[in-house]
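Residue strings, one per chain:
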Amino acid sequence: MNVIVVYASRYGSTKGIAEFIAEKLRAHGVQAEARSVEAGPNPGEYDAVVIGSAVYMEHWMKGAVEFVRQNRAVLAGRPVWLFSSGPLKLEPGTSPGDPGLEPREIGEFREVIHPRDHRVFFGALDPRRLGFAHRALRKLPAGRALLPEGDFRNWDYIEAWSGDIVRALKTP
Ligand SMILES: Cc1cc2nc3c(=O)[nH]c(=O)nc-3n(C[C@H](O)[C@H](O)[C@H](O)COP(=O)(O)O)c2cc1C
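Basis of the calculations
Residues numbered from 1 in each chain as written. Predicted model: local features only at pLDDT ≥ 70, side-chain atom pairs only at ≥ 80, totals over all residues. Heavy atoms only, no water. Helix = DSSP H or I, 4+ residues; strand = E, 2+ residues; numbered from the N terminus. Buried < 20%, exposed > 50% of the residue type's maximum accessible area, 1.4 Å probe, protein only. Contact = heavy atoms within 4.5 Å. Near = heavy atom within 4 Å. Polar contact = N/O pair within 3.5 Å; in protein donor to acceptor, adjacent residues only side chain to side chain. Areas by Shrake-Rupley, 256 points an atom, 1.4 Å probe, with all protein chains shown as cover. Patch = residues over 30% accessible without salt bridge, like charges linked within 9 Å, V, L, I, M, F, W, Y side chains within 5 Å. Salt bridge = Lys/Arg side-chain N within 4 Å of Asp/Glu carboxyl O.

Enquirer: Would you mind showing me how to read the side chain of Lys24 here?
Expert: Tracing the backbone through its elements, the reader meets Lys24 in helix H1 (residues 13–27). Under the relative-accessibility criterion, Lys24 is labelled buried at 17%. When neighbours within four sequence positions are excluded, Lys24 is seen to be in contact with Glu159 and Ser162.

Below is the structure:
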């Protein structure tokens, strides 16, 4: 069993999640590696695929969307798990599983590649690393409220999800 964890990450926090998932899969005896979409990985060389993207303005990053669309035939024929690295903070009364937090492309991906699951994970934001446009957005009152500084990644939750993937892969 050979698994690839493909990721699209602007500032590195989604890359960190992808590497963590690959490490947890390996710890359970599953061969796994994390690769950026930018490296042009070929999902056809793997038995199962995990794909994750950072979320910006309610969308997956372009490279990740293109990766799914270009490889849809191969992905539809393999077990696939999706994750989004998105919210930094929840509005009162919402939870990470709320459909409103799902990036816009997930509905299309469900129909086209039939992923086993899609999870939304909390992300991270380091204002010092932001590019000019993102820095400017964050200076707006609404931007600052929605985009707090900090690392909100929940490693226990991500580890539990990695365990779910291992169990599914080991179930005949
Ligand atoms: C300008 C900006 C817009 C963002 N928009 C969203 C969004 O619409 N939905 C969301 O869940 N997270 C949003 N985020 C949070 C990012 O998805 C989060 O910081 C993520 O962990 C970044 O991943 P990366 O470090 O891999 O690029 C936004 C962050 C920034 C800086």
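The discussion continues.
Enquirer: What am I meant to see in the site of the ligand here?
Expert: Around the ligand there are 22 residues in total, and Ser9, Thr14, Val55, Tyr56 and Glu58 lie nearest to it. One of the backbone N or O atoms of Val55 is found 2.5 Å from an oxygen atom in the ligand. The contact in question runs from a nitrogen atom of the ligand to an N or O atom on the backbone of Gly86, over 3.4 Å. Contact with the protein chains removes 92% of the 650 Å² of surface that the ligand exposes when unbound. For the shell around the ligand, the leading source of residues is strand S3 (residues 48–56), giving 3 residues.

Enquirer: Before we go on, may I ask you to explain a nonpolar patch on the surface in this structure?
Expert: On the surface, Met57, Leu137 and Leu140 cluster together into a nonpolar patch covering about 290 Å² of accessible area. Along the chain, the position of Leu137 falls in helix H5 (residues 132–139).

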